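Listed here are the chains, written in short residue letters.
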Amino acid sequence: DFVVDFTCIQHVVDPQEWGAILRQYARLVAAGGHVFLYEKMGPAKSDWTGYDLHMSKMRQEDYLRAMAAEGLERVGDQRGLDSAHWEFVFRKPRP
């Protein structure tokens, strides 16, 4: 079982909606399955000037915290193909 989000949730600017989508990913993935996210990270929290209004302001730590809150384990995360993107892999533990 595998849930893939490739540059989708980065366009959800409402923090509550963003969290609801991640909770849905966690709910949908089967035990032992994985969630893969490839998303653009916003700039440092102190520098939003000129940042695209259609882009989420969530950072790496926000993704990690949100998925951990849903019981998913971090398998790995690293910078993507450029410095603006980040790859995440989470696993839903088996009971």
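On a predicted model such as this, the values are computed, not experimentally measured, just so you know.

## Observations concerning the pairing of strand β2 (residues 34–40)
Counting buried positions along β2 gives five out of seven residues, so the element sits mostly inside the fold. Across five bridges, strand β1 (residues 2–6) lies against β2 in parallel orientation. Its bridge partner lying in β2, Val4 is registered against Phe36. Tracing the backbone out of β1, into helix α1 (residues 15–28) and back to the parallel element β2 gives a crossover that is right-handed. Bridging between β2 and strand β4 (residues 85–91) involves seven bridges; their strand directions are antiparallel. Each bridged residue has a counterpart across the sheet, and for Lys40 the counterpart in β4 is His85.

## Here's the deal with the pairing of β4
Within β4, five of the seven residues are buried, leaving the element largely enclosed by the surrounding structure. With six bridges joining them, strand β3 (residues 73–79) and β4 adopt antiparallel strand pairing. Across the sheet, the residue bridging to Asp77 is Phe88, located in β4. Hairpin connection from β3 to β4: five residues lie between these consecutive antiparallel strands.

Thresholds applied
Residues numbered from 1 in each chain as written. Predicted model: local features only at pLDDT ≥ 70, side-chain atom pairs only at ≥ 80, totals over all residues. Heavy atoms only, no water. Buried < 20%, exposed > 50% of the residue type's maximum accessible area, 1.4 Å probe, protein only. Helix = DSSP H or I, 4+ residues; strand = E, 2+ residues; numbered from the N terminus. Pairing = 2+ DSSP bridges. Right-handed = clockwise from strand over helix to strand, strands pointing away.

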